[in-house]
Amino acid sequence: MSKIRIAPEHFGAVYEQFNASISKFDCGRKCAPLNDGQPVCCTTGNAIPVVHKAEFALLKSRSELWSRYRATDATSRKIVEELPSSTCAIECKGAAFCERDNRTIACRAFPFYPYVTAKGEFIGLSVYWTFEDRCWMIARMDLAEPAFVKEMVAAFEKIFAFDPEEWETMLSHGASTRRVYSRWNRPIPVIGRNGELLKVMPRTHELRPATMADFKPRGAYASEAAYKRAVKKAGGTLGPEPKGGYLAP
Ligand code: SF4
Ligand code: SF4
């Protein structure tokens, strides 16, 4: 049987199809005051974009926005060293230079990833929990646009069809998710393929309908007071308080 290899043109097709904004709101306005005025997911100090080498080849053929990421400390060096050989870590020139059409799949999807169950079913999108203290979208995943969810699900179906390694990565990431949430004794938040909120009970793997009341906001987003404290601690500034508070969309 011939082995299918994912190529730059496959990523090009995914870029065409996966373009919807994550939400109607500019979520970067919420997290930037915690991060020197820059969106958290657009700074390598927080999130290092990892791409398939075929995706990097596509990006290089389209733009000068991206270059290889150079590790700056022991932690980031370890992250880079442990990457599968088919992938690489890259960095862009920063949010002020963002080119919408040349964002990576990782940029387009963040903070979501495809959630795969223990039975190997791709049932929807969950969130990179390590960012729950800094990413406002995680606290307000109910505000993800239905078009975004639909496009991201379709994008990953395409990627999985051409890149078995990515499927294995997400299968294993699903298992890590269940371990972490089991330890926390918290339900796993999922946006189902049709945009519905779901929770996976991590120990029994049972899938149930959910509301945002099932997922308590964490870190800076736990309350208005927590947000103000976190911004102050980060040395950030807040404008005049909007009606409904800083955390309201
Ligand atoms: S996705 Fe999260 S981290 Fe990225 S800009 Fe929006 S709120 Fe900030
Ligand atoms: S390309 Fe745009 S969305 Fe992606 S990390 Fe850079 S600034 Fe952020």
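The rules behind these values
- Numbers given for residues are sequential positions, taken from 1 along each chain in its written order.
- As they are written, the chains are lettered A onward and the ligands numbered 1 onward, keeping that order.
- The model is predicted, so local features are restricted to residues of pLDDT at least 70 and side-chain atom pairs to those at 80 or more, both for listing and for counting; the totals for chains, interfaces and linings are taken over all residues.
- The side-chain figures draw on all heavy atoms in the structure; neither hydrogens nor water molecules are used.
- By convention a nonpolar core is built from buried Ala, Val, Leu, Ile, Met, Phe, Trp, Tyr and Cys residues, the set being connected through side-chain atoms within 4.5 Å.
- Here the term buried applies to any residue with accessible area under 20% of the maximum for its type, exposed to any over 50%, and partly exposed to those in between, with areas from a 1.4 Å probe on protein chains only.
- Here a strand is any run of E in DSSP of at least two residues, a helix any run of H or I of at least four, and the numbering for each starts at the N terminus.
- It only takes one pair of heavy atoms within 4.5 Å for two residues to be counted as in contact.
- Here a patch means residues that are over 30% exposed by relative accessible area and free of salt bridges, tied together within 9 Å if like-charged and within 5 Å if nonpolar (Val, Leu, Ile, Met, Phe, Trp, Tyr).
- Where accessible areas are quoted, they stem from the Shrake-Rupley method and a 1.4 Å probe; at the residue level, only the protein chains shown are allowed to cover.
- Any carboxyl oxygen of Asp or Glu that lies within 4 Å of a side-chain nitrogen of Lys or Arg is treated as forming a salt bridge with it.
- Residues scored as charged are limited to Lys and Arg (positive) and Asp and Glu (negative), so that His and the chain ends carry no count.
- Working definition for charges: the position is that of NZ of Lys, CZ of Arg, CG of Asp or CD of Glu.
- Stacked, tilted and edge-to-face are the three classes assigned to paired rings of Phe, Tyr and Trp, where Trp is represented by its six-membered ring and a pair needs centres within 6.5 Å; plane angles under 30 degrees give stacked, over 60 edge-to-face, the rest tilted.
- We call a residue near a molecule or strand when any one of its heavy atoms sits within 4 Å of it.
- Each residue receives one of three labels: charged for Asp, Glu, Lys and Arg, nonpolar for Ala, Val, Leu, Ile, Met, Phe, Trp, Tyr, Cys and Pro, and polar for the others, Gly being one of them.
- For helices, the fitted line uses only the C-alpha atoms of the stretch in contact; every axis is such a line through C-alpha atoms, and the angle between N-to-C directions lies from 0 to 180 degrees.
- When DSSP finds two or more bridges between two strands, those strands count as paired.

J.: I'd like to hear about the nonpolar core, residue by residue, with values.
T.: Core analysis: the biggest nonpolar cluster contains 66 residues, and Phe-112, Phe-148 and Tyr-221 have the highest contact counts within it. With eight residues, the single largest contributor to this core is helix 7 (residues 146-162). Those residues in contact with Tyr-221 that lie beyond four places of it in its chain are Lys-30, Cys-31, Leu-34, Glu-132, Asp-133, Arg-134, Cys-135, Trp-136, Ala-139, Tyr-227 and Leu-247.

J.: Describe a negative patch on the surface, with residues and values.
T.: A grouping of Glu-16, Glu-64, Glu-99 and Asp-101 is seen on the molecular surface, where their side chains present a negatively charged patch. Relative to the helices and strands, Glu-99 resides in the loop between strand 3 (87-92) and helix 5 (105-109). For Glu-99, a relative accessible area of 30% translates into the label partly exposed.

J.: Give a detailed account of the packing of aromatic side chains, specifying residues and quantitative values.
T.: Within this structure, the stated rule accounts for twelve aromatic pairs. With centroids separated by 5.2 Å and ring planes inclined at 70°, the aromatic side chains of Tyr-181 and Trp-184 adopt a geometry described as edge-to-face. Remark: Trp-184 and Tyr-181 occur in helix 8 (residues 164-184); sequence separation between them is three residues, near one turn of the helix. Look at Trp-184 and you get partly exposed, because its relative accessible area is 34%. Between Tyr-227 and Tyr-246, the ring centres sit 6.3 Å apart and the planes meet at 45°, which makes this aromatic pair tilted.

J.: Go over the site of ligand 2, please, and point to the residues and values.
T.: Taken together, Cys-42, Leu-65, Trp-66, Cys-92, Gly-94, Ala-95, Cys-98, Arg-103 and Cys-107 are the residues near ligand 2. Looking at the shell around ligand 2 residue by residue, the class counts come to seven nonpolar, one polar and one charged.

J.: Residue-level account of the site of ligand 1, with values.
T.: Taken together, Cys-27, Gly-28, Cys-31, Pro-39, Val-40, Cys-41, Phe-110, Pro-111, Cys-135, Trp-136 and Met-137 make up the full set of residues near ligand 1. Put simply, the parts of the chain that give the shell around ligand 1 at least two residues each are helix 2 (28-31) and helix 6 (136-139). When the residues that make up the shell around ligand 1 are grouped by side-chain class, the tally is ten nonpolar, one polar and no charged.

J.: Before we move on, can you summarise the packing of helix 7 against helix 8 with the specific residues and values?
T.: Running from N to C, helix 7 and helix 8 cross one another at 115°; their axes reach a closest spacing of 5 Å. Between helix 7 and helix 8, the residues in contact are Phe-156, Ile-159, Phe-160 and Phe-162 and Pro-164, Glu-166, Trp-167 and Met-170, respectively. Split into classes, the residues belonging to the contact of helix 7 with helix 8 amount to seven nonpolar, no polar and one charged.

J.: Which residues make up the sheet that holds strand 4 (residues 112-116), and what are the values?
T.: The strands making up a sheet associate through backbone hydrogen bonding, with each pair oriented either parallel or antiparallel. Strand order across the open sheet formed by five strands is 4-5-6-7-8, with antiparallel pairing between neighbours. One side of each edge strand has no neighbouring strand; the edge strands of this open sheet are strand 4 and strand 8 (207-209). When the angles between neighbouring strand axes are averaged without regard to direction, this sheet yields 40°. Across five bridges, the pairing between strand 4 and strand 5 (residues 122-127) is antiparallel.

J.: Go over the sheet that holds strand 1 (residues 50-52) with me, naming the residues and quoting the values.
T.: Pairing is antiparallel in the open sheet, where three strands are placed in the order 1-3-2. Single-partner strands in this sheet number two, and they are strand 1 and strand 2 (66-68). Averaged over all pairs of adjacent strands, the angle between strand axes in this sheet comes to 50°, irrespective of strand direction. Where strand 2 lies against strand 3, three bridges are found, and the strand directions are antiparallel. The residue of strand 3 that forms the bridge with Trp-66 is Cys-92.

J.: Break down the pairing of strand 7 (residues 197-200) for me, citing the residues and quoting the values.
T.: Of the two faces of strand 7, both are covered, the one formed by Leu-197 and Lys-199 as well as the one formed by Leu-198 and Val-200. Pairing of strand 6 (residues 188-192) with strand 7, which is carried by four bridges, proceeds in the antiparallel orientation. Counted as the bridge partner of Ile-191 is Leu-197 from strand 7. What sits between strand 6 and strand 7 in their antiparallel hairpin is a turn of four residues, with Gly-195 showing a positive phi close to 90°. Two elements, strand 7 and strand 8, share three bridges in a ladder whose sense is antiparallel. Of the residues in strand 8, the one forming a bridge with Val-200 is Leu-207. Hairpin connection between strand 7 and strand 8: a loop of six residues separates the two successive antiparallel strands, and His-205 in this loop has a positive phi of roughly 70°.

So, to be careful, I would describe these as geometric facts and stop short of saying anything about function.
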